[in-house]
Amino acid sequence: MTLAELVSEIKRKKSFLCVGLDVDLNKIPPHLLETEDPIFEFNKQIIDATHHVAVSYKPNTAFYEAYGIKGWQSLDKTIRYINENYPEIFTIADAKRGDIGNTSTMYAKAFFEDLNFDSVTVAPYMGSDSVEPFLAFKDKFTIMLALTSNKGGLDFQGKELTDGKPLYKEVLKTSLTWNNSENLMFVVGATKAEYFKGIREIAPNSFLLVPGVGAQGGSLEGVCEHGINKNNIGLLINSSRGIIYASNGTNFAEAAKLEAEKLQQQMATILAKNNIS
């Protein structure tokens, strides 16, 4: 998928919603446990119920790896289902990989070639040669951790360097000089909404994947105030638990649909306020 195709889909659906497919067998409706592949069946019904308002799906690979080979097979079936039935939707492998060059190349091949995801999340701690192997893939995107929404996110990311700037700003600035940096996106947590203005000064045109809206307490309006880019929107707002676990009953897919539509309606209003169509 190209960036232009992603932007076109956002404008068509009036939505920049990413649905996180973080499947916990202890939380899904009990009747699904009787099916051959409960994880895939849960994902399939969530996808079918929300695809009309979602522009992206983001499985967190830990929720599949935890179940061994069966979990990985469920992930494989899920991404193939999306690609075959809803190819216009942007897919994110939330894997947070990052290692020395040849290892990163193998990680990239696994997610970009074998599983055919459009993007993958990576950690920047090891520097350029751990990220550039991901960036080398044409029409694929690397979503690098910049400022995360977790409690300890600022333990290192917010540390001031000798010039007084926090580390996450240096990460943003430096990464934009790397080879194929036009294929970079960044993870910025919604719970850090007050930081978006400064982030946009460094990366005005980059897409930002924003977790933390909803269950983690992040504000959609707060993020969009300074995070939205009037040229290409530049935001993917992720919601996981607030959508996929809206109900634990047989009506779980319908409940997920209603929660996704609520967010989409808010997004449509925000786009209209910014004269984006």
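Here, the structure is the one placed above.
All of the points below concern the structure found in this document. Quick caveat: nothing in here was measured; it's all calculated off a predicted structure. (Residues numbered from 1 in each chain as written. Predicted model: local features only at pLDDT ≥ 70, side-chain atom pairs only at ≥ 80, totals over all residues. Heavy atoms only, no water.)

Some words on the overall build of the chain
Helix and strand counts for the chain come out as 12 helices and eight strands. What you see for the chain is a C-alpha radius of gyration of 18 Å, in line with the 19 Å of a compact globule of 277 residues. Overall size of the chain, expressed as C-alpha extent along the three principal axes, is 60 × 45 × 35 Å. For the chain, with 277 residues in total, the buried portion stands at 55%. (Helix = DSSP H or I, 4+ residues; strand = E, 2+ residues; numbered from the N terminus. Rg over C-alpha atoms; globule rule 2.2 N^0.38 Å. Buried < 20%, exposed > 50% of the residue type's maximum accessible area, 1.4 Å probe, protein only.)

Comments concerning the packing of helix 2 (residues 38-50) against helix 4 (residues 68-85)
Between helix 2 and helix 4, the shortest axis-to-axis distance is 9 Å and the interhelical angle comes to 25°. As far as their axial angle goes, helix 4 and helix 2 are roughly parallel. In terms of crossing hand, the pair formed by helix 2 and helix 4 is right-handed. Contacts between helix 2 and helix 4 pair Ile39, Phe40, Asn43, Lys44, Ile47 and Asp48 from the former with Ser74, Lys77, Thr78, Tyr81 and Ile82 from the latter. Tallied by class, residues from the contact of helix 2 with helix 4 come to five nonpolar, three polar and three charged. (Axes fitted to C-alpha atoms, helices over the stretch in contact; angles between N-to-C directions. Parallel < 35°, antiparallel > 145°, perpendicular 65-115°, else oblique. Left-handed = near helix turned anticlockwise from the far one by under 90°. Contact = heavy atoms within 4.5 Å. Nonpolar A, V, L, I, M, F, W, Y, C, P; charged D, E, K, R; others polar.)

Here's the deal with unusual backbone geometry
Excluding glycine, most residues fall at negative phi; most peptide bonds, likewise, are trans. Look at Asp139: it is not a glycine, yet its phi comes out positive at around 60°. Within the secondary structure, Asp139 sits in the loop between helix 6 (128-135) and strand 5 (141-147). In this structure Asp139 comes out as partly exposed when scored by relative accessible area, which is 35%.

A look at the side chain of Glu9
Tracing the sequence through the fold places Glu9 in helix 1 (residues 3-13). On the accessibility criterion, Glu9 (6% relative accessible area) is buried. A distance of 3.0 Å separates a polar atom in the side chain of Glu9 from a polar atom in the side chain of Lys13. Once residues within four sequence positions are removed from consideration, Glu9 is found in contact with Val55 and Glu88. (Polar contact = N/O pair within 3.5 Å; in protein donor to acceptor, adjacent residues only side chain to side chain.)

Considerations on the nonpolar core
Ranked by internal contacts, the top residues of the largest apolar core, which has 89 residues, are Phe16, Val19, Leu21, Phe42 and Leu235. A total of eight residues in this core trace back to one element, the largest contributor, which is helix 12 (residues 252-273). Once you skip the residues sitting within four places of it in the chain, Val19 turns out to touch Ile46, Thr50, Ala54, Ser56, Tyr57, Lys58, Asn238, Ser239, Ile243 and Ile244. (Core = buried A, V, L, I, M, F, W, Y, C linked by side-chain atoms within 4.5 Å.)

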